[in-house]
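# Chain and residue survey
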Amino acid sequence: MTTSAKTVSAKTDQGEAADDTGLFGRLVRGHRDRVGLTQRELADLSTISVRAIRDLEQGRATRPRHATVRLIADGLRLGPRARADLEAAARQGQNGWALKAGYDTAPTAPPAALDTLTGRESEAASLTAELASGTERLVNVMGLSGVGKTRLALEVAARLHSGSGFPVLWAAFAGPPAAYRTPSGPEGLAALVTGCAEALFGRPGERTPAAGAGDGAGRHADVTALAELVADRPALLVVDGAVTDRPDTDGIDRLLRDCPELRILVTSEGPYGIAGERTFLLGPLEAPDGTREYTPDSLGRIPAVRLFLDQLRRTRPEYVLTPDDVPAVADVCRRLDGLPAALRAAASWLVVYDLATLRQCLEDDLASLLVHLAGDDEGARFKEALRRRVARLPADGRALLARLCDGERGGRDGGFELADVAALTGRSLPECGRMVRDLLLSGTARPSYQLGRSRFQVFHLVRAFQPAVARVATVGGHR
């Protein structure tokens, strides 16, 4: 039977419900029930009083001494693994009090970003308001690798912490080097939050069972401990860089139920389909329009250009955007799709390249140049993330993406409309709408709305990096 941090449905020998039970107490009761012992019989076998056993099982005592743990394990005749699990749960109870005292002293702060936020004011304001009010309690920020999901999460966390006093519990999966400073916190808190994130959002095959591996509560010892720490107070749990497409939905539901004021903010590669999930698709920064003409002033106000110039001036502080440079800067930012990571990588190399050379290289071989600019590791991460996204598309979506990458029915910039998809596939408009929606949610395309019409574009970076991976299925019987 699954147990939660706040309510345990199992009953004691006297028939009373055991509430607020700690993990150690649940394990003791589970082992005792399994071997068919009453509390009195376990007391006789272990030489521990009935009252002490009852207090442990009901959570009134959560810090058993080492000798008590040993005597109970002897009385239950536990094997080596079960004994080790019981001892680990006892240590968790002992450490929990110190951790709770440190957590209660002051709200834990989020990591501090190392750069300023550019062009994301509306997104940050919207997510902050939704999470602060409790309108949304589980927000999943999705988007292409390098689009700025972590930076947006940092901003939202900082605003909730400073504006509403939310403690921020931050866990990050492996990824690019962190662009933030992690503050110190209570000893053991970071490990607890990371363990909770891995239990809920780690890949299923990589989730390591904790104490009591056969029991729901045991497999989620860190989740249970975090629920007991947060309890019914406001807090924000941020899980940055979750890569699984199959999170533990039962565990997430249980954590949100047990902590009614907790909010969870996840950055990931796609939607989970969890009840109550707020999917937030984060697109690249607004980039220059290829059909417009700009002055240095009007171009410099566009978010992608602003970020590009800010990064450029880190290596060339004296740089001033001139009318002669406007076409090259606009074209570079447009070819890089307004993707923050790509813009930073390209701008940082202008200490070596001039604008005209950079522009020409991007036009000749965008994928190879970006790997060169960003570095082999960053380029490999981008391609692997893109491969996973394309692999999760339905077969007809993968084939549609391949043909759009080939330029079929799309404009030179990769733009297309629903009518183009219908002509390309022979499908009905509702079916075409579903396929296009899949592309948008995968982060491989972006929408635009001009003169009352919906238009879409496959990113230049996707077209450059991934056409071969997309060519794995057919649409309407065509290769």
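Predicted, not measured: the structure shown is a model, and the values here were computed from it.

### A word on the confidence of the model for the protein chain
- Residues with a pLDDT of 70 or more make up 82% of the protein chain, whose mean pLDDT is 82.
- Note on residues 209-218: pLDDT under 50 across the span, and 24 contacts to partners over four residues away in sequence or across chains.
- Predicted confidence for residues 468-479 stays below pLDDT 50, and this span has 26 contacts to residues more than four positions away or in other chains.

### Thoughts on the packing of aromatic side chains
- A full pass over the atoms with the stated rule returns four aromatic pairs.
- Ring plane angle 35° and centroid distance 5.7 Å describe the contact between F416 and F456, whose orientation is recorded as tilted. Of this pair, F416 sits in strand β10 (residues 415-416) while F456 sits in strand β12 (residues 453-458); the two residues are 40 residues apart in sequence, bridging distant segments of the chain.
- A relative accessible area of 1% means that F416 is categorised as buried.
- Overall, the relative accessible area of 8% leaves F456 in the buried class.

### Quick notes on the nonpolar core
- Core analysis: the biggest nonpolar cluster contains 78 residues, and L236, L299, F308, V329 and L336 have the highest contact counts within it.
- In this structure, V329 is in contact with L299, V305, F308, Y319, L321 and L355, ignoring residues within four places of it in sequence.
- Within the second largest apolar cluster, 32 residues are counted, among which are L192, A235, L255 and I264.

### Description of the environment of D310
- Considering the arrangement of structural elements, one finds D310 in helix α13 (residues 303-315).
- Note: C-alpha distance between D310 and T116 (194 residues apart in sequence) is 9.9 Å.

### A word on the packing of helix α2 (residues 39-46) against helix α4 (residues 66-76)
- In contact at an axis separation of 8 Å, α2 and α4 are set at 110° when each is read in the N-to-C sense. One element, α2, and the other, α4, form an angle in the roughly perpendicular class. For the crossing formed where α2 meets α4, the hand is right-handed. Only L71, I72, G75 and L76 of α4 make contact with α2, whose side of the interface consists of L42, L45 and S46.

### Focus on the sheet that holds β12
- In space, the three strands of this open sheet follow the order β10-β12-β11, with antiparallel pairing throughout. Lying at the two open borders of the sheet, with one neighbouring strand each, are β10 and β11 (445-450).
- Direction of pairing for β11 relative to β12: antiparallel, over a ladder of six bridges. When the sheet's bridge partners are listed, Q450 is paired in β12 with R453.
- Most of the contacts of helix α21 (residues 429-442) go to β11, to which it runs at about 115°, and overall it touches β10, β11 and β12.

### Quick look at the sheet that holds strand β8 (residues 262-268)
- The five strands lie next to each other as β5-β7-β8-β4-β9, forming an open sheet whose pairing is parallel. Every other strand in the sheet has two partners, leaving β5 (168-172) and β9 (277-281) as the edge strands with one partner each. Across the sheet, the mean angle from the axis of one strand to that of its neighbour is 15°, orientation sign disregarded.
- Sheet strands touched by helix α6 (residues 121-133): β4 (138-142), β7 (235-242), β8 and β9. Its angle to β9, the strand with the most contacts, is close to 170°.

### Quick look at the state of the cysteines
- Inspection of the entire model under this criterion finds zero disulfides.
- Cysteine C196 remains unbridged, with the sulfur of C259 as its closest cysteine sulfur at 8.8 Å.
- For C196, a relative accessible area of 0% corresponds to the buried category.

### Focus: the environment of L56
- When you line up the elements, L56 lands in helix α3 (residues 50-57).
- C-alpha of L56 to C-alpha of L23: the two residues are 33 residues apart in sequence and 9.7 Å apart in space.

### Observations concerning the side chain of E57
- Mapped onto the elements of the fold, E57 is located in helix α3.
- By relative accessible area, which is 0% here, E57 ends up buried.
- A distance of 3.0 Å separates polar atoms of two side chains, one belonging to E57 and the other to Q39.

### Quick notes on helix α7 (residues 149-164)
- Relative to the 22 Å expected for 16 residues at 1.5 Å per residue, α7 spans 22 Å between its end C-alpha atoms, a close match to the ideal helical length.
- Of all the residues in α7, the buried ones are K149, R151, L152, A153, L154, E155, V156, A157 and L160.
- At the C-terminal side of α7, G165 shows a positive phi close to 75°.

### Focus on the side chain of D240
- Relative to the helices and strands, D240 is located in strand β7.
- One polar contact links D240 to T267, side chain to side chain, over a distance of 2.6 Å.
- Dropping the residues within four chain positions of it, D240 is found in contact with T150, W170, A171, A172, F173 and T267.

Criteria and cut-off values
- Residues numbered from 1 in each chain as written.
- Predicted model: local features only at pLDDT ≥ 70, side-chain atom pairs only at ≥ 80, totals over all residues.
- Heavy atoms only, no water.
- pLDDT = per-residue confidence, 0-100.
- Contact = heavy atoms within 4.5 Å.
- Phe/Tyr/Trp six-rings, centres within 6.5 Å; stacked < 30°, edge-to-face > 60°.
- Helix = DSSP H or I, 4+ residues; strand = E, 2+ residues; numbered from the N terminus.
- Buried < 20%, exposed > 50% of the residue type's maximum accessible area, 1.4 Å probe, protein only.
- Core = buried A, V, L, I, M, F, W, Y, C linked by side-chain atoms within 4.5 Å.
- Axes fitted to C-alpha atoms, helices over the stretch in contact; angles between N-to-C directions.
- Parallel < 35°, antiparallel > 145°, perpendicular 65-115°, else oblique.
- Left-handed = near helix turned anticlockwise from the far one by under 90°.
- Pairing = 2+ DSSP bridges.
- Disulfide = S-S within 2.5 Å.
- Polar contact = N/O pair within 3.5 Å; in protein donor to acceptor, adjacent residues only side chain to side chain.
- Expected span 1.5 Å × (residues − 1).

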